[in-house]
Structure formats: C-alpha cells, structure tokens
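Listed below are the residues making up each chain.
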Amino acid sequence: MLEKQRQQLILDLLEENTFASVKVLCEQLNSSEATIRRDLNKLAETKQIKKIRGGAEVLAAKDKVVRKISGSAFLAAKERHPNTKRRIAQKAVELCADDESIIINGGSSTYMMAEFLRQRRMNILTNSFVLAQELLENSDNQITLPGGEIYRKQSIILSAFENDTIQNYHGSKMFMGTPGISEYGVMETDPLLIRAEQKLRKRAEKLIVLADSSKIGVKGNLIFSALSDVDIVITDSHADPEILAIFEREGIEVIIVEASD
C-alpha cells in the first residue's frame, strides 16, 4: 500500500471512530508499528490529526466537508492480500453460469468478483452498494438491492424489514467473505451483520465462502453459521492443510488457488 493511501485510511478510521490506537491501526492496515508511527508523525506535523499516548484522535475543530461512500473498514480490507483475493474471486465467478441467479454478500473479497462478472449476464442480488455500482456501470448483469440503511463502515446495506426485496428472491448460490472460518464455523464481527447475512442465506441453495489463508483457522466470538451449512470454501495455497482437512471431513468442497501476495 502506498504511503498516501495508508495515511488517507488512517484519517478515515479516525473520522469514524474519533480515536484509534497504534495497535488497531497496525491490524487494520496490515502495517508495522514503525510504519504507523511514522505516518502519525507526518499527519500530526501537517495538523491533520492529534497524537495522544498510544495512538491518535481527530482534531476537535476539524470540519469534514466530504465523506466517502466507501467505509474505512472496507477500503483497508481491500488492500490486504489483493492479488490472492483477486484469484479467489476469479475462481468464484468460474463456478457461475450465464443467466444464473446468485447472491453476493458485501465484502472486500466478494467485491473483487466484479472484474470477472463484467462479461457475464446474470441476475445478482447484493447488499454491497459499491459492487452494485461497479456492475451497473460496467456490465449487463441484472442487479437487485435490498432496501435499508447504508452501513458505511462495511459499505453495505442493512435492511431492518422482514418483508423486503430479499424475501422474493431465490439464488442458486450465495458468495460471502468472512473474518475467519475454523472448525467452529464461519465467523462474523457484528450481530447486525449476522442477522442481515442470515436473511440472504435463506434465499440461496448453496453457500460459498471466499477466505484467503489469513482467515483459515481464525476463531471469533460470533458465529454466522456452522460448517455443516457451508458447501464450498475457496482459499489459497498458504492455508493450513490440517484445517482444510477438517472442512473436507465435514463434507465441504475445498478449492485452492495459488497464493500470489
């Protein structure tokens, strides 16, 4: 990631959260502590942030005129292992046929499917407004969006209604990313996301999880679904083979692409 991009993401994260520790910034941006501290020093010198012990915060008098439609969490995730995610996304699209109806959950890995969906003609339900915009502008796919509020941090739409567009849709496959998948199941970070994703899952015959090797074996405190509900996992060649063997014993088809990051 370029220095300018990384520093802009730091500003976006601080705008959304007011304060961020060095540790959190390192994790979000996949950068070393030395790199993050150097960025914070430069941003503080140009009076864009205020450095405090252990991290940084926004300036109290700073007025934001323009807000990006894509949230910082989405933008930061998109920069981690981009080449490998691209290969995983390409393999995911290869599983689809023209005129098929599919569901794509919002996320950085699934967003990369857009490049390979441009030449296809499919019916796609997605809660990712950035993916929807990309496909509407650059493809002939039929795009359906659920109603609801924009969850800026993840660049998705969350519907608070039970009887919305989702209830009238049927897809052969649902594609989703995840912060982690282990023997305990597919992980998620937010109860609101789980509720929205489970609504989507009910409308699809198969669940396909896109997870680069950094997500394989990762556990969390919130579970979206058990492994028994997963049909296919697409990952890369750096994934732990012992964990992949567990998936296969659960009846999951594991597809491996060559890691390139």
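A quick note: this is a predicted structure, and the numbers were derived from the prediction, not measured.

Criteria and thresholds
Counting of residues starts from 1 at the beginning of each chain's written sequence and follows it residue by residue. The predicted origin of the model limits local features to residues at a pLDDT of at least 70 and limits the giving and counting of side-chain atom pairs to 80 or more, whereas totals for whole chains, interfaces and linings rest on all residues. Excluding hydrogens and water, the side-chain values take into account all heavy atoms of the structure. Secondary structure counts use DSSP, requiring at least four H or I residues in a row for a helix and at least two E residues in a row for a strand, with both numbered from the N terminus. Here's how the labels work: a residue is buried when its accessible area is under 20% of the maximum for its type, exposed when over 50%, partly exposed in between, all with a 1.4 Å probe on protein chains only. Whether two residues touch is decided by their heavy atoms; if any such pair falls within 4.5 Å, the residues are in contact. Areas reported as accessible are Shrake-Rupley estimates using a 1.4 Å probe. Residue values count occlusion only from the protein chains shown. Note on pairing: two strands pair once DSSP finds at least 2 bridges between them. In the analysis that follows, any N or O atom pair within 3.5 Å is treated as a polar contact, provided that within protein one partner can donate a hydrogen and the other can accept it, and provided that, for residues neighboring in sequence, both atoms belong to side chains. By construction, the arc corresponds to the directions joining the helix axis to the C-beta atoms. Simply put, an axis is a line fit to the C-alpha atoms, just over the touching stretch for a helix, and the angle between two N-to-C directions goes from 0 to 180 degrees. Convention used here: a crossover is right-handed provided that the path from the first strand, over the helix, to the second strand proceeds clockwise when the strands point away from the viewer.

### Examining the overall build of the protein chain
The secondary structure content of the protein chain amounts to 10 helices and 15 strands. The buried share of the protein chain, taken over its 261 residues, is 49%. Sequence separation of at least 24 residues holds for 62% of the intrachain contacts in the protein chain that already meet a minimum separation of 6. For the protein chain, the computed accessible surface area is about 13000 Å², with 46% contributed by carbon and sulfur atoms.

### Overview of the sheet that holds strand E10 (residues 181–182)
Spatial ordering of the open sheet is given by E10-E11-E13, a layout of 3 strands whose pairing is antiparallel. Two strands lie at the open edges of the sheet, namely E10 and strand E13 (223–225), each paired on one side alone. Bridge analysis of E10 against strand E11 (residues 185–187) gives 2 bridges, and the strand direction is antiparallel. Residue pairing in the sheet places isoleucine 181 in a bridge with valine 186 of E11.

### Here's the deal with the environment of glutamate 205
The topology assignment puts glutamate 205 in strand E12 (residues 204–210). Taking C-alpha positions, glutamate 205 is 6.6 Å from glycine 171, a pair spaced 34 residues apart along the chain. Apart from the residues lying within four places of it in its own chain, the contact partners of glutamate 205 are His170, Gly171, Ser172 and Asp231. One polar contact links glutamate 205 to histidine 170, side chain to side chain, over a distance of 3.2 Å.

### Some remarks on helix H10 (residues 241–249)
Inspection of H10 places Ile243, Leu244 and Phe247 among the buried residues, and these make up the whole buried set. Along the axis of H10, the buried residues cluster in a sector spanning 100°; they form a single face. Residues of H10 that are exposed and point over 90 degrees away from its buried face: Pro241, Glu242 and Arg249. Lining the buried residues of H10 we find E10, strand E14 (232–236) and strand E15 (253–257).

### Examining the sheet that holds strand E3 (residues 55–57)
Pairing is antiparallel across the open sheet formed by 3 strands, whose spatial order is E1-E3-E2. Only two strands of the sheet have a single neighbouring strand rather than two, namely strand E1 (19–21) and strand E2 (50–52). Looking at each pair of strands side by side, their axes are set apart by 25° on average, direction ignored. Relative to E3, E2 is paired through 3 bridges, and the arrangement is antiparallel. Residue pairing across strands places isoleucine 52 opposite glycine 55, the latter belonging to E3. Contacting E1 and E3, helix H2 (residues 22–29) crosses the sheet at an angle of about 80° to E1.

### As for the pairing of E15
Residues in a regular strand point their side chains to alternate faces of the sheet. As judged from the 5 bridges shared by E14 and E15, these two strands associate in the parallel manner. Within E15, the residue paired with isoleucine 234 across the bridge is isoleucine 255. Since E14 and E15 lie parallel, the crossover through H10 that links them has a hand, and here it is right-handed.

### Focus on unusual backbone geometry
For lysine 47, which is not glycine, the phi torsion reads 60° and is therefore positive. Note on placement: lysine 47 falls in the loop between helix H3 (33–45) and E2. A residue is classified by how much of its surface remains accessible, and lysine 47, at 67% relative accessible area, is exposed. Within the chain, aspartate 99 stands out as a residue other than glycine whose phi angle is a positive 75°. Structurally, aspartate 99 can be placed in the loop between helix H5 (82–94) and strand E4 (101–104).

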